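Remarks on the overall topology
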Amino acid sequence: MFSLLPKEEIFFDLFEKSADNVHRGAQKLVDLLEHYEGIPAKAQEIKDIEHAGDRLTHEMIERMNRTFITPLDREDIHELACRLDDILDLTDTAVNRMMLYKVGRPTDDARALARVLERSTATLKEAMPRLRRLNHRADVEVLLKACVEVHTQENEGDRIEQHALATLFENGQSDPILVIKWKDIYQDLEAATDRCEDVANVIEALVLKNA
Amino acid sequence: MFSLLPKEEIFFDLFEKSADNVHRGAQKLVDLLEHYEGIPAKAQEIKDIEHAGDRLTHEMIERMNRTFITPLDREDIHELACRLDDILDLTDTAVNRMMLYKVGRPTDDARALARVLERSTATLKEAMPRLRRLNHRADVEVLLKACVEVHTQENEGDRIEQHALATLFENGQSDPILVIKWKDIYQDLEAATDRCEDVANVIEALVLKNA
Amino acid sequence: MFSLLPKEEIFFDLFEKSADNVHRGAQKLVDLLEHYEGIPAKAQEIKDIEHAGDRLTHEMIERMNRTFITPLDREDIHELACRLDDILDLTDTAVNRMMLYKVGRPTDDARALARVLERSTATLKEAMPRLRRLNHRADVEVLLKACVEVHTQENEGDRIEQHALATLFENGQSDPILVIKWKDIYQDLEAATDRCEDVANVIEALVLKNA
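Just so it is clear, the model here is predicted, and its values are computed rather than measured.

**As for the interface of chain B and chain A**
Listed per partner, the contact involves 16 residues of chain B and 15 residues of chain A. Summed over both partners, the interface of chain B with chain A buries about 1,400 Å², with 68% contributed by carbon and sulfur atoms. Considering only the side of chain B, the residues that lose the most area to chain A are Q162, F169 and L208 of chain B, jointly responsible for 41% of the buried surface there. Note that K102 of chain A is salt-bridged to E170 of chain B, the shortest N-O span being 3.3 Å. Put simply, the parts of the chain that give the side of chain B that touches chain A at least two residues each are helix 5 (137-172) and helix 6 (176-210) of chain B. Of the residues belonging to the side of chain B that touches chain A, the class tally is eight nonpolar, four polar and four charged.

Structure (C-alpha cells):
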C-alpha cells in the first residue's frame, strides 16, 4: 500500500480545523454564560465562529468535488463535515434564543450544560488527528475511547437537562412563559451535546468501515 | 456505455411527479393561509395531495423491488423518495395543527413561512429533471446551484421563525396557551423548509457519488 | 453459495434478543400506565431493561469489530442496533419525565399511546427472525408486511397524539403548565412509535439491498 498523497491530507487538516473551531465556539459560549456582560459582542464572536465553520464545511465539499481519490468515502466526508457543523449551529442558536427571548441572567443549569459541551468538543478536537491513521490499531483505540467519552458526556448533558427541568417546574409554576423560554434554551444546549454524539457515531462507523 | 433503458427512466419520472406534488401542496398551503376561508375543504385538498405523495413514494419503492438495474443506488432512491415525502407530511401536519388547536386567523409570520416553503419547493421541482443527467457537468452545476438556493431559503425560514417567536413572546405574555400553540405551528412550517434542505443534501450527496 | 457460518448467526441472535428486550420494555410501560402504583420500582425495571439493551447494542458492535465477514453490511448492523436502542431510550425517557414532572395519574391517551408501542414492538419482535433469510422470497414478504404494519401503527400513534393534544387544550386552558408537561410526555411516547418506524425503514432498506 502507498501512503496517502499529500493533497489528500488536506481533508484531515480541514476536519481538525473544523473540530478546533467547534471547540472554540463552545469555549466562547461558556465565557458568555459565566460572565454575562457585553452580550451582543460575545454573541457576534460566536456568530463569526459559526460562519468560519460554514466556510470550512463548504471548502471540504468543494475539495471533494475536485479530488479524484479521497482518503475516506465521499459520503463519510460529507456526513462528518455536516455533523460537526450542526454542533456550532446549535451553539449559535442557543445564544440567539437567549437574546430573542430576553431571558436575562443565565441559570446554573445552563452554565453546567455549556461546560459539558466544552468538554465534549475538547474530546472530539483532541481525537480528530487520529482519523489520519485508521489503519493503526493504537490510533483506532484512542478514537473509540474518545467516542465512549463523548457518549458519557452526552449522558451527563441529559442528567443536567433533567435537573434543569425539574427546577424550572418547581420555580416556574407561577410563570408558564418563563418555563417555555428556558425549556427551549436547555433543549438547544442539550441538542448541541447530542450532535457531538452524532459526530462520535460517524467516527465509530468510519472505524468499522475502515478496520 | 449504453444510455439508460426506457424502463429506468420511470424513476426520474416519479421523482419529478413527486417534487411537483410537493410543490402543489406548498401552493395550497399559501392559498389556505392567505385566503383563510373554507378551511376544511382546503385542508382536505392538502390531505389528498399528501396521499397522492404516499402513493408515489410507494410506487417508487415497489418498482425498485421489481427492477434489476436501477439508475441510482437503491438506498438513494429510497432516501430521496422519503425526504420528499417528509415535506408534504409536515405541510399537512401544520394545517392539521391549526385546525386541532383552533387558533383562528393566521399570523403574518405563518404566511411568510409558507411563502418560503413555496419558493423552496419550486426550486426543487425545477431542478429535479437534471437528476437524469448526473454525468453532464452543466446539469450538475444547475443542480448544485438549486441546492445552494434551498439552503438560502432555509436560512430565510429560520430568520422568519425567530421574528415570529419574538413577536409571539411580546404579544403573548398574557396568554401562554397562545404562545404554546403558535410555537408548534411555526415549528412545523419551519421544519418543512428544513426537509427541503434534507432533499438538497441528498441531491448533493448523489452528485458527489456519481461525479 | 455456502450457508452462513455458525459464528455469523450470532448477529441475528442479538437482533432477536434486542427486539425482544425492546418489546418487554413496552409491555412494562403499558403495565406501569394501566396499574399506576409502585411507580419507582416499575420505573427501575424499565431502566434495567434499557441498560440490558445498551449491553446488547454494545455486544453487537464489539462482535462486529472482531468479525471478518459479517452477514449484513457493518453500517447496517450498526444502524439497526442503534435504532432498536432508540425505542427503549424513549420508553425510559417517557417514564422518567412523568416522575420528573410529577404529573400524577396517566391520561387515557397516554395509555393508548403505550398500547400502540406495545403492538408495534411486538410486530418487530415477531418479524425479526426473518432477517436471517433475506434470500427467501417468502421471508422477505413477511418482513415487508411487518414493516407496513409498523407504518400503520405509527399512523395510529399520530392520530392518538392529535386527540390527546386537542383534549389537553380543551381541558388545560386554565393551566398552561399542565399543557406543557403532558405535551412533552405525549411527544416522547409518540416518538417511540416513530423509532419503530425507523427500524422498519432500516429493514426495508436491508431487504432492497440484499434482494
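Once the structure has been displayed, the description carries forward.
**Points about the nonpolar core**
Among the nonpolar cores identified, the biggest contains 217 residues, and F15 of chain A, F15 of chain B together with F15 of chain C are the most heavily contacted of them. In this structure, F15 of chain A is in contact with M60, L72, I77, L80, A81, L84, M128 and L131 of chain A, ignoring residues within four places of it in sequence.

**Considering the environment of V150 of chain A**
Residues and elements named next belong to chain A. Take V150: it is sitting in helix 5 (residues 137-172). Taking relative accessible area as the criterion, V150 reaches 0% and is therefore assigned buried. When the C-alpha positions of V150 and T193 are compared, they lie 8.4 Å apart, and in sequence the two are 43 residues distant. Beyond its immediate chain neighbours, meaning those up to four positions away, V150 contacts S120, T123, L124, C196, E197 and A200.

**Remarks on the relation of the copies chain B and chain A**
Placing chain B over chain A gives an RMSD of 0.0 Å and needs a rotation angle of 120 degrees, together with 0.0 Å of translation along the axis. Such a combination of rotation and displacement between the chain copies is what one expects of a three-fold axis. The C-alpha atom lying nearest the rotation axis in chain B is that of P176 of chain B; the distance is 3.7 Å. Different-surface contact between copies: only 12% of interface residues of chain B are shared with the interface of chain A.

Conventions we followed
- Counting starts from 1 at the beginning of each chain's written sequence and moves along it residue by residue.
- Throughout, the order in which chains and ligands are written sets their labels, letters from A for the former and numbers from 1 for the latter.
- It should be noted that, the model being predicted, local features are given only for residues of pLDDT at least 70 and side-chain atom pairs only at 80 or more, the latter also being counted only at that level, while totals for whole chains, interfaces and linings use all residues.
- Side-chain metrics rest on all non-hydrogen atoms present in the structure, leaving aside hydrogens and water.
- It only takes one pair of heavy atoms within 4.5 Å for two residues to be counted as in contact.
- As used here, buried area is the combined drop in accessible area, with a 1.4 Å probe, of two parts when they are placed together.
- Here a salt bridge means any side-chain nitrogen of Lys or Arg lying within 4 Å of a carboxyl oxygen belonging to Asp or Glu.
- We count a stretch as a helix when DSSP gives it H or I for four or more residues in a row; a strand needs E for two or more, and each element gets its number in order from the N terminus.
- Polar here means any residue outside two lists: the nonpolar Ala, Val, Leu, Ile, Met, Phe, Trp, Tyr, Cys and Pro, and the charged Asp, Glu, Lys and Arg; Gly therefore counts as polar.
- As used in this record, nonpolar core signifies buried Ala, Val, Leu, Ile, Met, Phe, Trp, Tyr and Cys residues forming a set joined through side-chain atoms within 4.5 Å.
- A simple rule labels every residue: compare its accessible area, found with a 1.4 Å probe on the protein chains alone, to the largest value its type can have, and call it buried under 20%, exposed over 50%, or partly exposed in between.
- Least-squares fitting of one copy onto the other uses the C-alpha atoms of those residues that reach a pLDDT of at least 70 in both copies.

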